[in-house]
Amino acid sequence: MAGELELKQEQEGLKVKETKKYNVQPRKRIGRKECQLVTFDLPYLAFYYNQKLLFYKGGKYEEIVERLKDGLSTVLEEFYPLAGKLEKDDDGVFKVEYDDDMEGVEIVEAIAGEDVGVDDLVVKDDMFGLKALLPYNEILNLEGLHSPLLAVQITKLRDGVALGLAFNHAVLDGTSTWHFMRSWAEISSGAATTVSVLPFHDRTKSRNTRVPLNLSQPPPPPESNGNSTAAAPPPLRVRVFRFSESAIATLKSNLNKSISNSADSKPFSTFQSLSIHIWRAVTLARSLAPTDPTVFTVFADCRHRVSPPMPPSYFGNLIQAIFTGTAAGLLLGNPAAFGSDLIRSAIESHDASEIEKRNSEWEKSPVIFQYKDAGVNCVAVGSSPRFKVYDVDFGFGKPESVRSGGNNRFDGMVYLYQGRNADGAIDVEISLEKGAMERLEMDKDFLLD
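To start, this report covers the structure provided alongside it. No experiment lies behind these values; they were computed from the predicted model shown.

Comments concerning the sheet that holds strand 12 (residues 319–327)
- Overall, mixed pairing links the six strands, which are arranged 10-16-15-13-11-12 in an open sheet. Looking at the sheet topology across the chains shown, the edges are occupied by strand 10 (236–243) and strand 12. Across the sheet, the mean angle separating the axes of adjacent strands is 20° when strand polarity is ignored.

Quick notes on helix 7 (residues 336–348)
- With 13 residues, helix 7 extends 18 Å from end C-alpha to end C-alpha; this agrees with the ideal 18 Å at 1.5 Å per step.
- Taken together, the buried positions of helix 7 are occupied by Ala337, Gly339, Ser340, Ile343, Arg344, Ala346 and Ile347.
- Taken together, the buried residues of helix 7 touch helix 4 (245–257), helix 5 (270–285), strand 11 (293–301), strand 12 and helix 6 (328–333).

Remarks on the pairing of strand 4 (residues 50–57)
- Within strand 4, seven of the eight residues are buried, which leaves it mostly tucked inside the rest of the structure.
- Here strand 4 pairs with strand 9 (residues 160–167) via eight bridges, running antiparallel. Its bridge partner lying in strand 9, Asn50 is registered against Phe167.
- By the bridge criterion, four bridges tie strand 4 to strand 14 (residues 401–404) in an arrangement that is antiparallel. Bridging from a neighbouring strand, Leu54 pairs with Val402 of strand 14.

So, how was this worked out
- Residues numbered from 1 in each chain as written.
- Predicted model: local features only at pLDDT ≥ 70, side-chain atom pairs only at ≥ 80, totals over all residues.
- Heavy atoms only, no water.
- Pairing = 2+ DSSP bridges.
- Helix = DSSP H or I, 4+ residues; strand = E, 2+ residues; numbered from the N terminus.
- Axes fitted to C-alpha atoms, helices over the stretch in contact; angles between N-to-C directions.
- Expected span 1.5 Å × (residues − 1).
- Buried < 20%, exposed > 50% of the residue type's maximum accessible area, 1.4 Å probe, protein only.
- Contact = heavy atoms within 4.5 Å.

Structure representation (structure tokens):
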């Protein structure tokens, strides 16, 4: 029976009504399956579910829903962990367990107000105003002990649909997320009848250390009696800045012109060129003192870095946060190549031996991070323009827009996405405190005006 739940985002005026709620399981019975969570997975247990939001135009809502459901039931035969639950074995080691008797993936059907169209929503930068289109807002990954590991919300709009998804981040990273999404789309669209690139499920090939953790659900926050002196965190603003291929090429060219032309000098990459552009601009917008520290963090794919390397189809988390930092005065007072070299050196030095060292240290003294533990005055880059997010065509066209949800956002979080037209453009989605964002929006050097 439909919950008839109405969610209202007061500030934005967005109304969404839930009309149906049910679960989807793999089409065929596949029996009991399990895979141990390894050192690359465990630090994310205290993050929130990872949310993605895709907007599509056209099509009949009922046909879209059936196409998505049918494709999902087929793709889950190979991506069965997403239809399972988190469990702990007798030693306290976390694992993903699937059994045919489990509920499967949670699906919510919903409808927005009759006057709400796709174009009305894709222009909104502030994801916090679109929470009603997404499942599992502010739900910790640890909830996967009791809740589905994937939740999907299909919201009917005036001229299309909003597809909101919440993935348990302790189970998979961005590479695996978009592998799953492309596979689901291929099957739903009829481009394939089976998964063309099978997921590699044996996580113990990347790390076979069993790490027991004594974790339970955190207690609810205490109710305020009105006498609390704790200051509420400043409100965040989210903005998408779009950089064309030519703008990025200019950034890269100008940066590389500033370095030595000696034979052993190595040009900076597109990622390094765009990253230093963002790091410097955000640092300036924050009005930091010259001696204030600032940190750059990138969540890097380690599939090709570990020894032996893992296949691109490795299904799970195989990322690590790579950090570098300096004083704000040094970052802004030196040429851009100074900071770009810091970024490049940190990334290049994160090889198999460094990964082994990081893992061994963590296993001796496990630390469960919060999603915002990325460094002081940080710029933290997640996602990647290499993910072909606009190839996710379920048979009713490619997305009009692809965004990350409100979960796991903090001051300085940056998501990079390919541009919609696959023309080399990159969308830069930044979360900043209000004052810093206002200054960033006025920075013509950052905007490349």
